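Take a look at the letters that make up each chain.
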Amino acid sequence: MGFLEWATSPWGQSVPIHIAWFLIWVSAIAGLLFLMVHATYVMYFAKAREFAGDSSPQASAGIPKHVPRHSLVARLFHWIMAASMFTLLFTAFLPKVGVQFNWVTYHWIAGVVLTVSIIFHIIHASFWLDFWSIWPDKTDVHDAWKRIRRFFGMSAAPPRKFAKYPLENKLFHGVIILCGLSVILTGVFMMSRVRTIFFPRNPYLFSDMTWGLMYVLHGLAGVGLIALVMMHVYFGLRPEKRAITKSMIFGWMDRDFYLKEHDPKRWVVETSSSSSTSSRVEGRGLTDAG
Amino acid sequence: MAVIRDVMPAFELFQPSSVADAQKLLEQHGPDAWVLAGGLDSFDWLKDRIRKPKAVVDLSGIEELRSVRTTGDGIEIGAMTTLTEVVNHPIIKQKYGLLAQAAELVASPQIRNQGTLGGNVSQDTRCWYYRGGWPCYRAGGNICYADTPEGRNREHAILHADRCVAVNPSDSAPALIALDARFVLRTPKGERVVDAEDYFIGPEIDITRLHILQPGDLLTAIRIPSTWAGAQFYFEKIRDRNVWDFPLMNVASAMVTSGDSIERIRIAVNGAAARPLRLKAVEDAVRGKPRNTATGEMAGKLAVQGAVPLQFNAYKIPLMRNLVKRAISGVEEATWAS
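Residues numbered from 1 in each chain as written. Chains lettered and ligands numbered in written order. Predicted model: local features only at pLDDT ≥ 70, side-chain atom pairs only at ≥ 80, totals over all residues.

Draft legend 1. Representation of the overall build of chain B in the model. Along the backbone of chain B there are 13 helices and twelve strands. On the principal axes, the C-alpha backbone points of chain B span a range of 60 × 55 × 35 Å. At a minimum sequence separation of 6, the contacts of chain B that also span at least 24 residues come to 65%. (Helix = DSSP H or I, 4+ residues; strand = E, 2+ residues; numbered from the N terminus. Contact = placed C-beta atoms within 7 Å.)

Draft legend 2. Quick peek at the overall build of chain A. Each helix and strand counted, chain A has nine helices and four strands in total. For chain A, the sequential pattern of α-helices and β-strands runs β-β-α-α-β-α-α-α-α-α-α-β-α. Relative to all contacts within chain A whose residues are 6 or more apart in sequence, the contacts with residues 24 or more apart total 71%.

Draft legend 3. Structural view of the packing of helix H6 (residues 167–190) of chain A against helix H7 (residues 208–237) of chain A. Residue and element names in this part refer to chain A. The N-to-C vectors of H6 and H7 enclose an angle of 140°; their axes lie 9 Å apart at closest approach. Crossing hand, H6 versus H7: left-handed. For the pair formed by H6 and H7, the contact residues are Phe172, Val175, Ile176, Cys179, Ser182, Val183, Thr186, Gly187, Phe189 and Met190 on the first element and Met214, Leu217, His218, Ala221, Gly222, Gly224, Leu225, Leu228 and His232 on the second. Its residues assigned to classes, the contact of H6 with H7 shows twelve nonpolar, seven polar and no charged. (Axes fitted to C-alpha atoms, helices over the stretch in contact; angles between N-to-C directions. Left-handed = near helix turned anticlockwise from the far one by under 90°. Nonpolar A, V, L, I, M, F, W, Y, C, P; charged D, E, K, R; others polar.)

Draft legend 4. Region of interest: the domain arrangement of chain B. If you check the domain split of chain B, you get domain 1 (12–61), domain 2 (63–122 + 168–227) and domain 3 (233–329). Put simply, the middle of domain 1 of chain B and the middle of domain 3 of chain B, counted by C-alpha atoms, are 35 Å apart. (Domains from an automatic or database assignment.)

Draft legend 5. Main features of the interface of chain A and chain B. Taken residue by residue, the interface counts 17 residues in chain A and 13 residues in chain B. Counting only elements with at least two residues in the side of chain A that touches chain B, the list comes to strand S1 (4–8), strand S2 (14–19) and H7 of chain A. For the side of chain A that touches chain B, a count of residues per class yields ten nonpolar, five polar and two charged.

Draft legend 6. Structural view of the nonpolar core. Judged by nonpolar contacts, the single largest core of 101 residues is most densely connected at Leu98(B), Leu99(B), Leu179(B) and Val324(B). With six residues, helix H13 (residues 316–329) of chain B is the largest single contributor of residues to this core. Those residues in contact with Leu179(B), other than ones at most four positions away along the chain, are Tyr96(B), Leu98(B), Leu99(B), Ile224(B), Trp228(B) and Ala254(B). The next biggest cluster of nonpolar side chains, apart from the first, holds 24 residues, and it includes Trp211(A), Met214(A), Val216(A) and Leu220(A). (Core = buried A, V, L, I, M, F, W, Y, C linked by C-beta atoms within 7 Å. Buried ≥ 20, exposed ≤ 12 C-beta atoms within 10 Å, placed from the backbone.)

Draft legend 7. Unusual backbone geometry, seen in detail. Residues and elements named next belong to chain B. Of note in the backbone geometry, Ala107 takes a positive phi value of approximately 40° without being a glycine. Of note, the phi angle at Asp180 is positive, near 60°, even though the residue is not glycine. Position of Asp180 among the secondary structure elements: in the loop between helix H9 (172–178) and strand S6 (182–187). Residue class for Asp180 comes out partly exposed when judged on the 19 C-beta atoms lying within 10 Å of it.

Draft legend 8. Summary view of the sheet that holds strand S2 (residues 33–36) of chain B. Residues and elements named next belong to chain B. A sheet is described by the order of its strands in space; here three strands give the open sequence S1-S3-S2, paired in parallel fashion. Each edge of the open sheet is held by one strand with a lone partner, namely strand S1 (12–14) and S2. Between one strand and the next, the sheet's axes are offset by a mean angle of 25°, whatever the strand orientation. (Pairing = 2+ DSSP bridges.)

Draft legend 9. Layout of the pairing of S6(B). All names here are of chain B. Pairing between S6 and strand S7 (residues 190–195): six bridges, direction antiparallel. Pairing of Thr187 across the sheet is with Gly190, part of S7. Between S6 and S7, which pair antiparallel one after the other, the connecting turn spans two residues.

Draft legend 10. Main features of the sheet that holds strand S10 (residues 249–258) of chain B. Residues and elements named next belong to chain B. Taken in spatial order, the four strands make up an open sheet running S9-S10-S11-S12, and their pairing is antiparallel. What marks the edges here is a single partner per strand, and that holds for strand S9 (232–238) and strand S12 (277–278). Sheet analysis places S10 next to strand S11 (residues 261–270), joined by nine bridges and oriented antiparallel. Bridged to Thr257 within S11 is Ile262. Contacts from helix H5 (residues 97–104) reach S9 and S10 within the one sheet, and its direction differs from that of S9 by about 15°. Set on the sheet, H13 makes contact with S9, S10 and S11; between it and S10 the angle comes to about 25°.

Draft legend 11. Representation of the packing of helix H12 (residues 293–303) of chain B against H13(B) in the model. All names here are of chain B. Between H12 and H13, the least distance of the axes is 7 Å, while the angle of their chain directions is 145°. Crossing handedness for the pair H12 and H13: right-handed. The segment H12 lies against H13, with Thr293, Thr295, Gly296, Glu297, Ala299, Gly300, Lys301 and Ala303 engaging Met320, Arg321, Asn322, Val324, Lys325, Arg326, Ile328 and Ser329. Looking at the contact of H12 with H13 residue by residue, the classes come out as five nonpolar, six polar and five charged.

Draft legend 12. Fine view of the environment of Asp206(B). Within the element layout of this structure, Asp206(B) appears in the loop between helix H10 (196–199) and strand S8 (218–224). Between the C-alpha atoms of Asp206(B) and Arg138(B), which are 68 residues apart in sequence, the distance is 8.7 Å. For Asp206(B), the contacting residues outside a window of four places in its chain are Gln100(A) and Ile201(B).

Draft legend 13. Focus on the confidence of the model for chain A. The predicted model of chain A averages 89 in pLDDT, with 90% of residues at 70 or higher. Mean pLDDT per element in chain A: helix H2 (residues 57–61) of chain A is the minimum at 71, and helix H3 (residues 72–93) of chain A is the maximum at 97. (pLDDT = per-residue confidence, 0-100.)

Draft legend 14. Examining the confidence of the model for chain B more closely. On average, residues of chain B score 95 in pLDDT, and 96% of them reach the 70 mark or higher. Scored as a whole, the predicted complex attains pTM 0.86, and scored at its interfaces, ipTM 0.81.

Draft legend 15. Local environment of the pairing of strand S3 (residues 55–58) of chain B. All names here are of chain B. Relative to S3, S1 is paired through three bridges, and the arrangement is parallel. Bridging from a neighbouring strand, Phe14 pairs with Val57 of S3. Pairing geometry for S2 and S3, over four bridges, is parallel. Paired with Trp34 across the two strands is Val56, which belongs to S3. As for the winding sense of the linkage, the β-α-β connection from S2 through helix H2 (residues 42–47) to S3 is right-handed. (Right-handed = clockwise from strand over helix to strand, strands pointing away.)

Following this line, the structure appears as C-alpha cells:
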C-alpha cells in the first residue's frame, strides 16, 4: 500500500497522480489521537502553570478591563479564512469518503476566497500590524527550553509569561503557513485544469511529472490540514483557552486573563495613561498578525 | 497504453443462476468484481487489458433477468433482455414504440442479439483517451486529454462538462427517460428503485462512473409505467456511419397532444453530456403551445442554452437544436438549420 498513486503517462513515463486517499483517515485519526492524548494529559497529569515574576501593581493598574487583542479587520479575516477552509476541506474530502455531490465549483470558489483573504492578510500584517508578534523570538526559545526541562522534572527557572501569542500558537501559525501556502500555490495552478471564470484551461502548463508532484503536494498539505484544523478547533473549545477564542469573536480579552497569561512588558497594551506618550516596551500591542 | 492482445487477463469466472447468488458474489468481491451482461463493452476492456478484475460475474445464466413482463401499471423488462427481444416484443412495439425504435438503432443485428438492455444503459463512455488506457480523470488520473486545444474531441460533450468531457453513448437511455421508466437495483441494503434520469450521473458527482451503481449493486429490471403508452413518439439518432455506429447525438420524446397543442411531453437527448439529459426547461416551455415550427425552433434554442463547444465539436450545438426542433414540431414541419 503506497502513499502515492502512480500512472503511466502517454509518453510511457511513470508519474505520480495524487496521494493515496487512505491518508485522509490517517490524518483524521492522528488528529483525534492528539486530542485524546492532550485532553487526558491536561485532565490527569498536567501541573499548574508557573511563570517567572509578576506584573507590578503599577503596570497592572493601567490595564483596561477589556484588553484589545484582535482588530475587527483581523477577526473578519480569521472567520472568512475559517469558512473557506472548512468549505475546502469538506468539498475536497467528503467525495473521497463516499459523500458524492457537485464539489468542484464550490471548492475552487472557496479556494479563491482563501487566496484573496491570505493575500490581504499578508499585506495587512506586513504593513499595518505587528508583523513579528506571531513569529518566535529568543525569549520564546529560552522559555521553551525551560518548559521542556521542567516537564521532564529537571531543574529550571520558571519561564516568563507569554507575549501576545504563546510559542505553541506561533508554531501552529508557522505550520499553517506551510500547508496553507502549499495548497494555495498548487491550487492556483490546478485551477488552470478546470473551467473557471479566470483563465482558459491549459492542462499542458507543466509536464506530467510536475503536475503529478503538484497534485501530491496539494493532497499532502490538504490532508495535513485535516489534523491541524481539528487541533485548532479543539484548542478553541478548551475551557482554559476560552478567553482567547472569545477575543477572536469580540476583539478583546479579560484583564484577569491577560495578567495571568501575558507579560505586559512583552505585549504592551495601550492604556489611558500611556496612550498619549505611548510607553511601549516591545512591539505594537494593539495589533496582531495571527 | 491499450494494446489489443486478444488474450484476457486471468480472472475467476462465476456464473450464478439466480439474482440472489449474483448479488452475494458481487458483495463478496466488491470493487474486484466485474458484472458481465452481453459482454460487448466488457470484452473491449478485458481484451485491451485495461481492466483487470479478479472476479467476473456472468449474468447470462439468470433466467429471471431475461424477460418482458406485464405489470399492473405497464411493463417490467429484465436487465438481461436482449435488444433484439426488446425490438421484437409485441407490447413494446405496440405501446412503447419509442424504446423499440431506439433499441433497433443500436449497433448491428448481431450486436443487438447479444447486447442487453441493462448493458446498453450501463455501458461505459467511448472516449478513446479513456478507453485507450490513458490516465485521465475518468480513469482516476488528473487530466482530461480530450479537453485540450489539440485534443480529439469531435464526439465529446457540449453541456455539463466538469473536467471530463466524455459523453454517454446509450441509445436506449434517452428513450427510457422519455418514457418515465424506473430502474430497479438490488443493493446490499435491499431493493432500490430510481427514476431513469437519476440512474445516470455526471462527472461533477462522480468522475469515474456514468451511473449510480456502486460495487455490490446490480441493475435487475427496468419498469415502464403506462403513463406514456401509445403516446406520439419521436426518436432520431445521428451517427457517422448509418449502418453501425455509436450516436453523435440522439433525441427521444414522448408527447400527448390535444388538438394542435402539446398537452404533455417528456424529451431527452444523449451524446451531449456525460449523462442523458432530460430537457425539463423545454418540456415546460412547450407545454400548452401549438405543435408547429415556431414552437420547435423556440424549443431548440432553449435546449442548447449554456452549451460550451470544444475545439472540434461546435457542430453539436446546431445538431442538438435541430434534433429538439424536429422532435417537437415533427420532421415535416422542421427544416434543418445550421
